[in-house]
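# Summary of the model geometry
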Amino acid sequence: MKQARPFSKYTIEAVKLLGKQIQLGRKQRRWSEAELAERAGIARATLQRIEKGDMACKIGLVFEVATLVGIKLFDADSEALRGRIREADERIALLPKHIHPSRKPVDDEF
(Lines give C-alpha, C1' and ligand atoms only; values in the text may rest on other atoms or scores of the structure.)
Protein backbone atom coordinates (compact mmCIF):
# COMPACT_ATOMS: atom_id res chain seq x y z
CA MET A 1 0.00 0.00 0.00
CA LYS A 2 1.33 3.44 -0.95
CA GLN A 3 1.98 5.66 2.04
CA ALA A 4 0.88 9.29 1.89
CA ARG A 5 3.69 11.83 1.68
CA PRO A 6 3.87 14.07 4.74
CA PHE A 7 3.51 17.81 4.19
CA SER A 8 4.02 20.60 6.69
CA LYS A 9 0.92 22.21 8.16
CA TYR A 10 1.90 25.51 6.53
CA THR A 11 2.09 23.91 3.07
CA ILE A 12 -1.28 22.22 3.49
CA GLU A 13 -2.92 25.46 4.61
CA ALA A 14 -1.31 27.46 1.77
CA VAL A 15 -2.62 25.00 -0.85
CA LYS A 16 -6.09 25.08 0.72
CA LEU A 17 -6.04 28.89 0.65
CA LEU A 18 -5.05 28.93 -3.02
CA GLY A 19 -7.87 26.48 -3.76
CA LYS A 20 -10.38 28.72 -1.96
CA GLN A 21 -9.08 31.78 -3.84
CA ILE A 22 -9.52 29.90 -7.13
CA GLN A 23 -13.08 28.96 -6.17
CA LEU A 24 -13.83 32.56 -5.19
CA GLY A 25 -12.40 33.88 -8.48
CA ARG A 26 -14.45 31.36 -10.45
CA LYS A 27 -17.67 32.30 -8.66
CA GLN A 28 -16.98 36.04 -9.00
CA ARG A 29 -16.74 35.51 -12.75
CA ARG A 30 -19.95 33.49 -12.59
CA TRP A 31 -18.29 30.47 -14.19
CA SER A 32 -19.47 26.98 -13.45
CA GLU A 33 -16.96 24.28 -12.55
CA ALA A 34 -17.49 22.80 -16.01
CA GLU A 35 -16.78 26.15 -17.74
CA LEU A 36 -13.51 26.76 -15.88
CA ALA A 37 -12.42 23.15 -16.32
CA GLU A 38 -13.03 23.44 -20.07
CA ARG A 39 -11.06 26.71 -20.26
CA ALA A 40 -8.16 25.06 -18.39
CA GLY A 41 -8.36 21.88 -20.47
CA ILE A 42 -8.88 19.65 -17.43
CA ALA A 43 -11.62 17.42 -16.10
CA ARG A 44 -14.24 18.90 -13.78
CA ALA A 45 -13.15 16.40 -11.10
CA THR A 46 -9.59 17.75 -11.31
CA LEU A 47 -10.86 21.30 -10.82
CA GLN A 48 -12.84 20.14 -7.78
CA ARG A 49 -9.67 18.62 -6.33
CA ILE A 50 -7.75 21.86 -6.98
CA GLU A 51 -10.44 23.93 -5.26
CA LYS A 52 -10.36 21.58 -2.26
CA GLY A 53 -6.59 21.96 -1.94
CA ASP A 54 -5.64 18.43 -2.96
CA MET A 55 -1.86 18.15 -2.55
CA ALA A 56 -1.59 15.63 -5.41
CA CYS A 57 -2.62 18.11 -8.13
CA LYS A 58 0.16 19.17 -10.48
CA ILE A 59 1.45 22.64 -9.71
CA GLY A 60 1.28 23.68 -13.37
CA LEU A 61 -2.43 22.92 -13.50
CA VAL A 62 -3.06 24.78 -10.25
CA PHE A 63 -1.14 27.83 -11.46
CA GLU A 64 -2.95 27.80 -14.83
CA VAL A 65 -6.37 27.68 -13.18
CA ALA A 66 -5.33 30.44 -10.76
CA THR A 67 -4.20 32.60 -13.67
CA LEU A 68 -7.47 32.01 -15.54
CA VAL A 69 -9.51 33.35 -12.60
CA GLY A 70 -7.21 36.37 -12.21
CA ILE A 71 -5.09 35.41 -9.22
CA LYS A 72 -1.76 37.25 -9.41
CA LEU A 73 0.99 34.77 -8.67
CA PHE A 74 4.04 36.30 -6.99
CA ASP A 75 2.40 39.75 -7.19
CA ALA A 76 4.18 40.63 -10.40
CA ASP A 77 3.35 41.23 -14.03
CA SER A 78 4.91 39.08 -16.73
CA GLU A 79 7.92 41.38 -17.30
CA ALA A 80 8.67 41.66 -13.58
CA LEU A 81 8.34 37.89 -13.26
CA ARG A 82 10.82 37.35 -16.10
CA GLY A 83 13.21 39.78 -14.38
CA ARG A 84 12.96 37.84 -11.14
CA ILE A 85 13.67 34.60 -13.03
CA ARG A 86 16.79 36.17 -14.61
CA GLU A 87 17.91 37.41 -11.18
CA ALA A 88 17.49 33.94 -9.67
CA ASP A 89 19.41 32.41 -12.60
CA GLU A 90 22.27 34.87 -12.06
CA ARG A 91 22.44 34.06 -8.34
CA ILE A 92 22.30 30.31 -9.01
CA ALA A 93 25.18 30.68 -11.51
CA LEU A 94 27.39 31.99 -8.69
CA LEU A 95 26.87 28.87 -6.60
CA PRO A 96 28.61 25.50 -7.05
CA LYS A 97 27.10 23.29 -9.75
CA HIS A 98 27.33 20.19 -7.58
CA ILE A 99 26.91 19.87 -3.85
CA HIS A 100 28.45 16.78 -2.32
CA PRO A 101 27.44 15.45 1.09
CA SER A 102 29.99 15.67 3.89
CA ARG A 103 32.22 12.65 4.03
CA LYS A 104 33.07 12.94 7.66
CA PRO A 105 31.05 14.25 10.55
CA VAL A 106 31.64 17.84 11.57
CA ASP A 107 33.17 18.20 15.03
CA ASP A 108 31.45 21.18 16.65
CA GLU A 109 33.06 20.58 20.05
CA PHE A 110 35.53 23.39 20.76
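A quick note: this is a predicted structure, and the numbers were derived from the prediction, not measured. Starting from 1, residues in each chain are numbered consecutively following that chain's sequence as written. Totals for whole chains, interfaces and linings use every residue, but because this is a predicted model, local features are given only for residues with pLDDT of at least 70 and side-chain atom pairs only at 80 or more, for both listing and counting. To obtain the side-chain values, all non-hydrogen atoms of the structure were used and water was disregarded.

Time to look at the packing of aromatic side chains. Only Phe, Tyr and Trp rings take part, Trp by its six-membered ring, and two of them pair if their centres are within 6.5 Å. Stacked means planes under 30 degrees apart, edge-to-face means over 60, and tilted covers everything else. The final tally for this structure, using the stated rule, is one aromatic pair. Look at Phe-63 and Phe-74: their rings are 6.2 Å apart centre to centre, the planes differ by 75°, and that puts the pair in the edge-to-face class. Here Phe-63 is found in helix H4 (residues 59-68), whereas its partner Phe-74 is found in the loop between H4 and helix H5 (78-93), with eleven residues between them in sequence. Arg-29 extends its terminal NZ or CZ atom over the ring of Trp-31, reaching a point 6.0 Å from the ring centre. Numbering of helices and strands starts at the N terminus; helices are DSSP runs of H or I of at least 4 residues and strands are runs of E of at least 2. Either the NZ atom of lysine or the CZ atom of arginine qualifies as a charge over a ring when it sits within 6 Å of the ring centre and within 35 degrees of the ring normal.

This paragraph deals with helix H1 (residues 9-28). Taking 1.5 Å per residue as the helical rise, H1 with its 20 residues ought to reach 28 Å, and the 28 Å between its terminal C-alpha atoms agrees with that figure. For every residue, the accessible area obtained with a 1.4 Å probe (protein chains only) is divided by the maximum for its type, and the residue is called buried under 20%, exposed over 50%, and partly exposed between those limits. All of the buried residues along H1 are Leu-18, Gly-19, Ile-22, Gly-25 and Arg-26. Down the axis of H1, the buried side of the element spans an arc of 125°, and every buried residue falls inside it. In H1, those exposed residues whose orientation departs by more than 90 degrees from the buried face are Lys-9, Tyr-10, Leu-17, Lys-20, Lys-27 and Gln-28. Residue contacts are counted whenever heavy atoms from the two residues lie within 4.5 Å of one another. Each element contacted by the buried residues of H1 is listed here: helix H2 (33-40), helix H3 (44-52) and H4. Downstream of H1 by one or two residues, Arg-30 has phi in the positive range, about 60°. How far a helix is expected to stretch is found by multiplying one less than its residue total by 1.5 Å. By definition, the arc is the one covered by directions from the helix axis to the C-beta atoms.

As defined here, a cavity is a set of points on a 1 Å grid over the protein atoms alone where a 1.4 Å probe fits but cannot get out. A pocket is an open set with protein on both sides within 12 Å along at least five of seven lines, and residues line them when an atom is within 4 Å of a point. Grid points are joined across faces, edges and corners, and a volume is the space filled by probe spheres set on the points. Volume-wise, the largest pocket comes out at about 390 Å³. Ala-14, Val-15, Leu-18, Val-62 and Phe-63 are, among the 20 residues lining the largest pocket, the residues nearest its centre. Of all the secondary-structure elements, those providing two or more residues to the lining of the largest pocket are H1, H3 and H4. If one sorts the elements of the lining of the largest pocket by residue count, H1 sits on top with six residues. Grouping the constituent residues of the lining of the largest pocket by class yields eleven nonpolar, four polar and five charged. Gly is placed with the polar residues, together with every amino acid not listed as nonpolar (Ala, Val, Leu, Ile, Met, Phe, Trp, Tyr, Cys and Pro) or charged (Asp, Glu, Lys and Arg).

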